[in-house]
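Chain by chain, the residues run as shown.
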Amino acid sequence: MLYIPSLLALATIVAGHIMGVSPENQHLYDVSDDGTWRCLLDLSIVLQAHQINDNFCDCPDGSDEPGTNACEFTEDAPQYFYCANEGYLPKYIENFKVNDGVCDYDVCCDGSDEYLSGKCENRCGEVMQQYQNYINDRGLAMVNALKFKDELVAKARVNKAKLEEKVASMKSELQSKTQDLERLNQQLKEAEDDETNDENFSQSILNELASYAELIENQFSQLFASSNAQKERVAQLEQLLADLVKNYNPNFNDLSVKQCVKLFEEYISNKPQESENQPTLEKFKEGFASLAEKLKLWLPVSTPGIAIVPNLGNMMHYYYGQLISNFKPKEPTNESQAPKRRFTGSLSKLREKISSAEKDLNAQMADFSIHDDSLQKDYGPNEILRAVEGEWVNKKIGEYTYKLGFLDAIYQDNTLVGRFANFDGSSLHYTQGSKCWNGPQRSAVVQIVCGPLNDLVSVSEPEKCQYKFILESPIGCSQMSNDEIGESFKVDTSGFN
Ligand code: MAN
């Protein structure tokens, strides 16, 4: 049968050029000498040359219809049409958009996707202009953003240096305070040793006092005993003489008797009255007991119920025992019942000083650890996050106001979305937020894209209570080629119709 090419076929085969195929792929449609061609992904299917772009889908991979929309566009076999876009950049458009009556200038600025009707004039000049403006603007923005980024890196470096300086000074302060504390502890030890020496000293003094006290008591006892015996004898003599005065015969002219009677009468009349306050051993003992009472005020109080023995030596030993027991390490006792030591003021002051120095040192150690840990933390490439530590970005998006603190936390109004966990170089991760109603704890990933300033541009919730933020920041900027910048270019077709 004679093959008569259709209008479409004529349109798609222009001087051996296959419509919808890029120049570098044209060779794939070279026809064999016998005038046949095989499907690209299934060489067992042999077609006649005129079956290419005949608006009928013969190949399962759709390769025989690169310039029409005859083959179905599926996920497994997507079909694309090549637009040359002379003066701009070649592009591929989905085949179902070919000859559908719509000028898809965002892809085919040359209008070639509507080649059948020819209704779409070539706009590639304007598109190219838009593209160049975009590249220039974005390029300039990128240069500025990179400048900001360099400033951030420099600031991060300064912040780190300051922190290192602070950590070093805290370290040396801690070392000196540790040494001070060691000195104080040494002082305490020496003072406690001195106290033990005092104890030995007190022991020898008190021993001496006790033996003097015993000696004095013995001497006084003997003295009082002999004094009483003497008094007894004098009283007997006085009685003898009093009898003599009473009974002698004055008619006997015995001069010696008369002289003795006269002298005795004088002796009696001159005899001093016996004092009421005669020294007695009891008074001496009473005096020492009062001294012992005073000692009780200075020494720890004895166990209730132990009577004070009214023997001078015993009393000395008794109070000495109290004194010694005070130096011995004490069993823990009920504070209210425990006797209070009244002579260790300087020691207790020293202990107080040590305890407050220890508290101070512990607080400073904790503070030091926070700073030292922060020195070890991961702050991303060039440690750039150090530059924004403590900064917050706020933005009302939809019904909520979001607050994002770098290295801190994210809030959705007052709800905690998450606390900073880590930075993987392109995204900040926040976890351990407040629990979602019937769901997980809130968490967020903040993707950082290049921008001149820190700005939250969008938020979404791909899974319940798991948020995704896009944050523009100089942190996300890196040197890009024009082609890379151009990847995000979108044609503005609003002025084309
Ligand atoms: C709040 C917000 C939402 C979240 C729901 C879950 O309304 O935190 O983002 O999806 O709670 O109950």
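Throughout this document, residue positions are counted from 1 along each chain, in the order its sequence is written. Two thresholds apply to this predicted model, a pLDDT of at least 70 for residue-level local features and 80 or more for giving and counting side-chain atom pairs, whereas whole-chain, interface and lining totals are computed over all residues. Water and hydrogen atoms play no part in the side-chain values, which are based on all heavy atoms of the structure.

Draft legend 1. Layout of the layout of surface pockets. As defined here, a cavity is a set of points on a 1 Å grid over the protein atoms alone where a 1.4 Å probe fits but cannot get out. A pocket is an open set with protein on both sides within 12 Å along at least five of seven lines, and residues line them when an atom is within 4 Å of a point. Grid points are joined across faces, edges and corners, and a volume is the space filled by probe spheres set on the points. Its volume calculated, the largest pocket comes out at about 310 Å³. Amino acids outside the nonpolar list (Ala, Val, Leu, Ile, Met, Phe, Trp, Tyr, Cys, Pro) and the charged list (Asp, Glu, Lys, Arg) are all regarded as polar, and Gly is one of them. Here the residues of the lining of the largest pocket are counted per class, giving 10 nonpolar, 7 polar and 2 charged.

Draft legend 2. Structural view of helix H3 (residues 255–270). Helix and strand definitions here come from DSSP, where helices need a minimum of 4 consecutive H or I residues and strands a minimum of 2 consecutive E residues; each element is numbered from the N-terminal end. To estimate the expected span of a helix, subtract one from its residue number and multiply by 1.5 Å. Helix length check: H3 (16 residues) gives 22 Å between terminal C-alpha atoms against 22 Å at 1.5 Å per residue, within 8%. Pairs of N or O atoms within 3.5 Å make up the polar contacts considered here, provided that, within protein, one atom can donate a hydrogen while the other can accept it, and that residues adjacent in sequence are counted only when both atoms are side-chain atoms. Regarding H3, its N-cap is aspartate 254, as a side-chain oxygen of that residue lies 3.2 Å from the backbone nitrogen of serine 256 further along.

Draft legend 3. Spatial organisation of the state of the cysteines. Disulfides are defined as pairs of cysteine sulfur atoms found within 2.5 Å of each other. Summed over all chains, the structure comprises 7 disulfides. Shown here is the disulfide that connects cysteine 109 with cysteine 124, its sulfur atoms set 2.0 Å apart. Torsion about the S-S bond of the cysteine 109 and cysteine 124 cystine: about 90 degrees, corresponding to right-handed handedness. Taken as a pair, cysteine 109 in the loop between strand S6 (91–94) and helix H2 (124–247) and cysteine 124 in helix H2 lie far apart in primary sequence, 15 residues in all. Across this residue pair, the class does not change: cysteine 109 and cysteine 124 are buried. Disulfide pairing is shown between cysteine 436 and cysteine 465; the S-S distance is 2.0 Å. Its S-S torsion of approximately 60 degrees makes the covalent link between cysteine 436 and cysteine 465 right-handed. We call a residue buried when its accessible area falls under 20% of the maximum for its residue type, exposed when it is over 50%, and partly exposed in between, using a 1.4 Å probe and counting protein chains only.

Draft legend 4. Region of the structure containing the environment of asparagine 253. Relative to the helices and strands, asparagine 253 is located in the loop between H2 and H3. Within the structure, asparagine 253 has its side chain in polar contact with the side chain of lysine 258 (distance 3.2 Å).

Draft legend 5. Region of the structure containing the site of the ligand. Around the ligand sit Tyr400, Gln412, Cys436, Arg442, Glu461, Lys464, Cys465 and Tyr467, and those are all the residues in its vicinity. One of the side-chain nitrogen or oxygen atoms of glutamine 412 is found 2.5 Å away from an oxygen atom of the ligand. Interatomic distance of 3.0 Å between a side-chain N/O atom of arginine 442 and an oxygen atom of the ligand. Of the residues in the shell around the ligand, the class split is 4 nonpolar, 1 polar and 3 charged. Throughout, the term near means that a residue has one or more heavy atoms lying within 4 Å of the molecule or strand in question.

Draft legend 6. Looking closely at the pattern of salt bridges. When a carboxyl oxygen of Asp or Glu lies within 4 Å of a side-chain nitrogen of Lys or Arg, that pair is called a salt bridge. Under the counting rule described, the total for this entry stands at 14 salt bridges. Between glutamate 94 and lysine 97 there is a salt bridge, with its nearest N and O atoms 3.5 Å apart. Of the residues examined, glutamate 94 reaches a relative accessible area of 21% and is grouped as partly exposed. Salt-bridge contacts for glutamate 266 lead to lysine 262; the nearest nitrogen and oxygen are separated by 4.0 Å. You can see glutamate 266 and its partner lysine 262 sitting in helix H3, 4 residues apart, about one turn around the helix. According to the relative accessible area criterion, glutamate 266 is partly exposed, its value standing at 37%. Taking the relative accessible area as the measure of exposure, lysine 262 reaches 48% and is therefore partly exposed. Through salt bridges that share partners, Glu121, Arg123 and Glu126 make up one connected network.

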